[in-house]
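Below, each chain spelled out in residue letters.
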Amino acid sequence: MHFSNTDKTRINIFYQQLIEKYWSDPESLSRANKDSQELRYQIFEQMIDLNHKSILDVWCWFGDLYWYVNQKYYIKGYLWVDILEETINIAKQKYPETNFEQLDFAEYNWDKYDLIFASWSLSFKTENYMELYKSIIKKMFDYSNIWVWFNMLNINHHINDQNFAAYSPSQIYEFCTQITDKLILRQDYMKHDFTLYL
């Protein structure tokens with residue numbers, strides 16, 4: 001499945017307004033603030049030693065995961081993709097030494113990566129969002145060598161409206177058991193978020 005042209009237009013308008021207000025601050029992505037963004041990154045790195053791994057960041061926004069992991073680890077290969085031209089342009093300005101591509105991940109058909117990461121990438125409400133994002137989760141798994149890591153908004157503690165897609169953690173967990181029996185659900189770090197490792 002792919003984003004429809006209507007959804008791509010909505011995404012561009014929604015985030016362009018936030019970027020104009022906040023520039024590359026995490027608030028421009030509706031991520032609350034830098035502290036909550038870094039907490040999600042910490043949850044990511046708690047699961048596995050990132051040294052000598054390759055990473056694909058799905059909808060990387062401004063590429064700040066690159067900054068975070070590059071301070072601590074030797075990463076053998078990166079690819080950062082995002083559907084928005086504006087965020088990719090800003091990311092290239094901030095981190096010109098790494099590899100950013102404007103791309104709808106639904107169209108990705110290149111190399112596999114050890115770790116695939118998606119933070120706040122599955123939270124914008126689209127047409128058929130549940131089917132679309134489930135297909136993205138399955139595709140991330142298919143293109144990962146070791147782990148997939150993603151977070152979602154918890155419907156028990158976050159609004160679920162025309163812009164934000166929130167989910168039942170138990171329902172997403174159940175879906176993921178159809179992909180693999182190697183999975184971990186985390187709900188202990190931020191009440192409106194949950195994280196799954198596959």
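Residues numbered from 1 in each chain as written. Predicted model: local features only at pLDDT ≥ 70, side-chain atom pairs only at ≥ 80, totals over all residues. Heavy atoms only, no water.

### Thoughts on the environment of Tyr189
For the record, the criterion: Strands are runs of DSSP state E lasting at least two residues, helices are runs of H or I lasting at least four, and both sets are numbered from the N terminus onward. For every residue, the accessible area (1.4 Å probe, protein chains only) is compared with the maximum for its type, and the residue is labelled buried under 20%, exposed over 50%, or partly exposed between those bounds. The contact definition used throughout considers only heavy atoms, calling two residues in contact when any of these lie within 4.5 Å. Any N or O atom pair separated by 3.5 Å or less is treated as a polar contact, with the protein-specific requirement of one donor-capable and one acceptor-capable atom, and with residues adjacent in sequence counted only for side-chain atom pairs.
Along the chain, Tyr189 turns up in the loop between β7 (184-186) and β8 (193-197). By relative accessible area, which is 12% here, Tyr189 ends up buried. For the pair formed by Tyr189 and Glu97, sequence separation is 92 residues and the distance between their alpha carbons is 32 Å. Not counting residues within four places of it along the chain, the set of residues in contact with Tyr189 comprises Leu39, Arg40, Ile43, Asn151, Phe194 and Thr195. A polar contact of 3.4 Å, which involves the side chain of Tyr189, links it to the backbone oxygen of Phe194.

### Things to note about the nonpolar core
Definition in use: Only buried Ala, Val, Leu, Ile, Met, Phe, Trp, Tyr and Cys residues count toward a nonpolar core, and they belong to the same one when joined by side-chain atoms within 4.5 Å.
Counting 46 residues, the largest nonpolar core has Leu56, Leu122, Ile137, Met140, Phe150, Tyr167 and Cys176 as the members making the most contacts within it. Ranked by residues supplied to this core, first place goes to helix α5 (residues 129-142) with 6 residues. The residues touching Met140, leaving out its near neighbours within four places in the chain, are Val58, Phe105, Ile116, Ala118, Val148 and Phe150. In this structure, Leu50, Ile55, Tyr68 and Phe100 belong to the second largest nonpolar core, which totals 26 residues.

### Digging into the environment of Asn128
Within the secondary structure, Asn128 sits in the loop between β4 (113-118) and α5. Look at Asn128 and you get partly exposed, because its relative accessible area is 48%. With 124 residues separating them in the primary sequence, Asn128 and Ser4 have C-alpha atoms 9.8 Å apart.

### Things to note about the pairing of strand β5 (residues 144-154)
Regular strands place side chains that alternate from one sheet face to the opposite one. For the record, the criterion: Pairs of strands are assigned from DSSP output, requiring at least two bridges between the strands. We call a crossover right-handed when, viewed with the strands running away from us, the connection from the first strand over the helix to the second turns clockwise.
Extensive coverage of β5 is indicated by the burial of 9 of its 11 residues. As defined by bridge partners, β4 adjoins β5 across 5 bridges and the pair is classed as parallel. By the bridge assignment for β5, Ala118 is matched with Phe150. Crossover β4 to β5 through α5 is right-handed. Pairing of β5 with β8 involves 5 bridges; the strand directions are antiparallel. Directly across from Met152, in β8, lies its bridge partner Phe194. Note: β5 against strand β6 (residues 166-167), 2 bridges, orientation parallel. Bridge assignment links Asn154 to a residue of β6, and that residue is Tyr167.

### Here we look at the packing of aromatic side chains
Spelled out, the test is: Pairing of aromatic side chains here covers Phe, Tyr and the six-membered ring of Trp, requires ring centres within 6.5 Å, and sorts the geometry by plane angle: under 30 degrees stacked, over 60 edge-to-face, intermediate tilted. Criterion for a charge above a ring: Lys NZ or Arg CZ within 6 Å of the ring centre, and within 35 degrees of the ring normal.
The tally for this structure, following the rule as stated, stands at 16 aromatic pairs. Consider the rings of Tyr66 and Tyr95, whose centres lie 5.5 Å apart with planes at 65°: the pair is edge-to-face. Taken together, the residues span a long stretch of sequence, with Tyr66 in helix α3 (residues 64-70) and Tyr95 in the loop between α4 (85-94) and β3 (100-102) at a distance of 29 residues. The exposure classification of Tyr66 matches that of Tyr95, with both residues buried. Ring centres 4.5 Å apart and planes at 10° place the aromatic pair Phe117 and Trp149 in the stacked group. Of this pair, Phe117 sits in strand β4 while Trp149 is found in strand β5, placing the two residues 32 residues apart along the sequence. For Trp149, a relative accessible area of 1% translates into the label buried. Members of the aromatic cluster, each reached through a chain of ring pairs, are Tyr41, Phe44, Tyr68, Phe117 and Trp149. A cation sits over an aromatic face here: Lys139 above Phe105, 5.7 Å from the ring centre. Positioned above the aromatic ring of Trp147 is the side chain of Lys182, whose terminal nitrogen or guanidinium carbon lies 4.8 Å from the ring centre.

### Brief notes about the pattern of salt bridges
Spelled out, the test is: Whenever Lys or Arg places a side-chain nitrogen within 4 Å of a carboxyl oxygen from Asp or Glu, that contact is recorded as a salt bridge.
Applying the stated criterion across every chain, the model contains 7 salt bridges. The salt bridge involving Arg40 is made with Asp193; its shortest N-O contact spans 2.6 Å. Residue Arg40 is found in helix α2 (residues 34-45), and its partner Asp193 is found in strand β8; the two are separated by 153 residues along the sequence. A residue is classified by how much of its surface remains accessible, and Arg40, at 1% relative accessible area, is buried. A residue is classified by how much of its surface remains accessible, and Asp193, at 1% relative accessible area, is buried. The partner of Asp114 in a salt bridge is Lys76, and the shortest N-O contact between them spans 3.5 Å. Note that Asp114 is positioned in strand β4 and Lys76 in strand β2 (residues 75-82), a separation of 38 residues in sequence. Residue Lys76 is classed as exposed on the basis of its relative accessible area of 53%.

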